[in-house]
Amino acid sequence: MTHLPYIVASYGLAAIMALVLSLGAALRLKRDRARLTALEQTHNRNAGTPLTP
Amino acid sequence: MTRKTRRLWLVIACVACLGTAAALILRAFSSDIVFFVTPSQVEASPPPTDRTVKLGGMVVAGSVKREKHGETPVATFAVTDGQAAVTVHYEGILPDLFREGQSVVAIGTVQPPHEFMASEVLAKHDETYMPKEVAEALKKSGKWDPRFGPPPSAASWNNMTVQDASKTLSAPAAPN
Amino acid sequence: MPINQTDGTDQLLSASPTFVARTGSFFHRYANPGRFLKLGARLQPWLTWPAIAFTLVGLGWGLFYSPADWQQGDSVRIMYVHVPAAMLASGGYAGLALCGLLSLVWRHPLADLAAVEIGPVGACITALCLATGSIWGKPMWGTWWVWDARLTSVLVLFFLYLGHIALIRAFDDPQRGYRAAAILALAGAVDLPIIKFSVQWWNTLHQPDSITITGAPTMSASMLWPLALSTIGFSLGFAAIVVARTRAAVMESRIRALLSSPRRGGGAA
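Bear in mind the structure is a predicted one, so any value in this text is a computation, not a measurement.

Helices and strands together make up the secondary structure of chain B, namely six helices and six strands. Start at the N end of chain B and walk to the C end: the helices and strands fall as α-α-α-β-β-β-β-β-β-α-α-α. Taking all 176 residues of chain B together, 38% fall into the buried category. Taking contacts inside chain B between residues at least 6 apart in sequence as the whole, the part at least 24 apart equals 54%.

Set out below in structure tokens:
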């Protein structure tokens, strides 16, 4: 391969970008889901008790 | 007309106006947007000798002369667009894709009447992508000489697999 | 259900059926953020796994099994990254413009959330297109960059993405940011045909397209296949990431709505 560094650089950039974007999205989704579940539980529990007058 | 329909028409009208404006601007500056001038344009109206221009065209087959002045390679070749030809002088290393029949863009100054002193030469490859073996087979069978023009359409050689091509290559040359 | 609304989207996130029934709009009925969460969760694996499979097969084929080009040699393999990235750069912006239209005309809350999420992903893929193009240009053309019509119009697209990212986050009131960014997205769509036809309208250093709608591809089938696979893979991957990010954004809006809801014990005033 005559231009190996150029090819490696292109594919490397693509791999890094794909990894950063997909991991970022997956972690964000995971964090938000956990947070939302926790919030909804407390919310529902509080909803059962009468509100303060 | 509901508010949504009105908003839709408003958006369409705005985009249409903007598109028209952009088209008119691009049309007006069309000559500045082109990346290079052709040899016949240079011949028709030669730019001032001190102005840097980009000259684009095909390297004429058999016109390339490579010399060495000390350590620096010096190349002389003719660039044509089919109607006119300009001789380009260039000191330095030519790009890998440089060859006879290749499109190139030379950046430099015009020295009337038909000389061009290039400070930089870029290779401009075409949109055809072809395996090495197929290209060799086409050349060997005499169907195409890359020095004289673009390759035949992909449909004519697409069914030629790499194996077919290798077979053609190992067989004796087809008579022309 | 009293909700302190922080932005307009939160109002819809209660997914109140009366609201949906009241507007009765096609778009609202089928793509309201609450429904999108359910639909997106079901859709996600069908995007993610095929994306990984197609991309790996396409790029692996391109890198190891496709033939070298007769004049470019092995450097032609950069194409299997560069071309899908270029297609998605334009495609992503078309998506952004569509979101802008849905937002401006139908005031669609999901379109706003999606626009926020498409922007950074599109900017990344445009940057990848520019970077791989530059890396390809150096050994083949003999230069990293030239100011020809194709390269310049794609650089303009990159800055349009950056402008959109900045604008949609620039206002204290998110609704104003959504409107402004939607207008920018629609106005910027003018650049898309310029990118597409730049190589035909003007002479450029960049070669014309090998694959056109009207003509046969000027490319060996042995190179077209891996290119098609990696293009499908990249597109599915783009969709998967945008869907995942938009789901997260919907959840975040819902979290904000819950936090500001007075029902939460000791919550917002």
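Now that the structure has been shown, the text picks up again.
The next thing to look at is the interface of chain C and chain B. Contacts between the two partners involve 45 residues from chain C and, on the opposite side, 40 residues from chain B. Here chain C and chain B share an interface that buries about 3700 Å² over both sides, 63% of which is from carbon and sulfur atoms. Considering only the side of chain C, the residues that lose the most area to chain B are W70, W202 and N203 of chain C, jointly responsible for 21% of the buried surface there. One can count zero salt bridges joining chain C with chain B.

Time to look at helix α5 (residues 79–106) of chain C. What sets the pattern is the α-helix's 3.6 residues per turn: residues three or four places apart point alike. The terminal C-alpha atoms of α5 of chain C, which comprises 28 residues, lie 39 Å apart, in line with the 40 Å expected from a rise of 1.5 Å per residue. Trailing α5 of chain C by a residue or two, R107 of chain C shows a phi angle of about 50 degrees, which is positive.

What follows covers the domain arrangement of chain B. All names here are of chain B. Structurally, chain B comprises domain 1 (3–33), domain 2 (39–124) and domain 3 (132–170). Of note, the centres of domain 2 and domain 3, computed from C-alpha atoms alone, are 29 Å apart. Taken together, the contact pairs five residues of domain 2 with four residues of domain 3. Contact between domain 2 and domain 3 buries roughly 350 Å² in total, counting both sides, with carbon and sulfur atoms accounting for 59%. When the area that domain 2 buries against domain 3 is broken down by residue, the three leading residues are M58, A61 and E100, summing to 69%. Our count for the contact surface shared by domain 2 and domain 3 stands at zero salt bridges. In this assembly, domain 2 and domain 3 are joined by zero residue pairs in polar contact (both at pLDDT 80 or more). When its residues are assigned to classes, the side of domain 2 that touches domain 3 shows two nonpolar, one polar and two charged.

Before going further, it helps to examine the pattern of salt bridges. For the structure shown, the criterion picks out nine salt bridges over all chains. One salt bridge connects R31 of chain A with D32 of chain A, and the closest N-O pair in it is separated by 3.4 Å. Residue classification places R31 of chain A among the exposed positions, given a relative accessible area of 52%. A salt bridge links K196 of chain C to D209 of chain C, with the shortest nitrogen-to-oxygen separation between them at 3.1 Å. Note that K196 of chain C is positioned in helix α9 (residues 191–201) and D209 of chain C in the loop between α9 and α10 (221–259), a separation of 13 residues in sequence. Here the residues in one salt-bridge network are R28, R31 and D32 of chain A together with E117, R245 and E252 of chain C, joined through shared partners.

Taking the UniProt record as the reference, the feature "binding site: heme" (unreviewed entry) is found at H125 and Y129 of chain B. Along the chain, H125 of chain B falls in the loop between β6 (115–124) and α4 (132–140). Assessed through its relative accessible area of 3%, H125 of chain B is described here as buried. If we ignore the near neighbours within four places in the chain, the residues touching H125 of chain B are L97 and Q102 of chain B together with Q71, Q72, M140, W141 and Q207 of chain C. Of the polar contacts made by the side chain of H125 of chain B, one reaches the side chain of Q72 of chain C; its length is 3.3 Å.

A separate point is the packing of aromatic side chains. Scanning the model with the defined rule gives eight aromatic pairs over all chains in all. Between Y6 of chain A and W144 of chain C the ring centres are 6.3 Å apart and the planes differ by 45 degrees, which places this aromatic pair in the tilted class. Remark: W144 of chain C occurs in the loop between α6 (109–140) and α7 (149–168) and Y6 of chain A occurs in helix α1 (residues 4–48); the pair is interchain, linking two chains. The exposure class assigned to Y6 of chain A is partly exposed, which follows from its relative accessible area of 24%. Assessed through its relative accessible area of 45%, W144 of chain C is described here as partly exposed. Centroid distance F197 of chain C to W201 of chain C: 5.3 Å. Interplanar angle 25 degrees. Geometry classified as stacked. One end of the pair, F197 of chain C, and the other, W201 of chain C, are both in helix α9, four residues apart, so they sit about a helical turn from each other. You can call F197 of chain C partly exposed: its relative accessible area is 30%. A network of ring pairs unites the aromatic residues F197, W201 and W202 of chain C as a single cluster. Taking NZ or CZ as reference, K196 of chain C lies 5.9 Å from the ring centre of F197 of chain C, over its face.

Right, let's get into the packing of α5 of chain C against α7 of chain C. All names here are of chain C. Running from amino to carboxyl end, α5 crosses α7 at an angle of 40 degrees, the nearest separation of the two axes being 11 Å. The pairing of α5 with α7 is recorded here as oblique in orientation. Handedness of the crossing formed by α5 with α7: left-handed. Contact residues: L88, A89, S90, G92, Y93 and L96 in α5; L157, L160, Y161 and H164 in α7. For the contact of α5 with α7, the residue count by class is seven nonpolar, three polar and no charged.

Moving on, we come to the pairing of strand β3 (residues 72–80) of chain B. All names here are of chain B. A large share of β3 lies buried, amounting to seven of its nine residues. Where strand β2 (residues 65–69) and β3 come together, five bridges link them in antiparallel fashion. Bridging from a neighbouring strand, E67 pairs with V74 of β3. Hairpin geometry of β2 and β3 is characterised by an intervening segment of two residues between the two adjacent antiparallel strands and by a positive phi of about 70 degrees at G70. Pairing of β3 with strand β4 (residues 85–91), which is carried by seven bridges, proceeds in the antiparallel orientation. Residue A78 lies in a different strand from β4, and its bridge partner there is T87.

Turning to its location among the elements, D32 of chain A is positioned in helix α1. Reaching out from D32 of chain A, the side chain makes a polar contact with the side chain of R31 of chain A at a distance of 3.4 Å. Setting aside residues no more than four positions away along its own chain, D32 of chain A makes contact with A248, M251, E252 and I255 of chain C.

Thresholds, definitions, all that
- Residues numbered from 1 in each chain as written.
- Chains lettered and ligands numbered in written order.
- Predicted model: local features only at pLDDT ≥ 70, side-chain atom pairs only at ≥ 80, totals over all residues.
- Heavy atoms only, no water.
- Helix = DSSP H or I, 4+ residues; strand = E, 2+ residues; numbered from the N terminus.
- Buried < 20%, exposed > 50% of the residue type's maximum accessible area, 1.4 Å probe, protein only.
- Contact = heavy atoms within 4.5 Å.
- Buried area = accessible area lost by both parts, 1.4 Å probe.
- Salt bridge = Lys/Arg side-chain N within 4 Å of Asp/Glu carboxyl O.
- Expected span 1.5 Å × (residues − 1).
- Domains from an automatic or database assignment.
- Polar contact = N/O pair within 3.5 Å; in protein donor to acceptor, adjacent residues only side chain to side chain.
- Nonpolar A, V, L, I, M, F, W, Y, C, P; charged D, E, K, R; others polar.
- UniProt positions renumbered as here; feature names shortened; annotations may be inferred.
- Phe/Tyr/Trp six-rings, centres within 6.5 Å; stacked < 30°, edge-to-face > 60°.
- Lys NZ or Arg CZ within 6 Å of the ring centre and 35° of its normal.
- Axes fitted to C-alpha atoms, helices over the stretch in contact; angles between N-to-C directions.
- Parallel < 35°, antiparallel > 145°, perpendicular 65-115°, else oblique.
- Left-handed = near helix turned anticlockwise from the far one by under 90°.
- Pairing = 2+ DSSP bridges.

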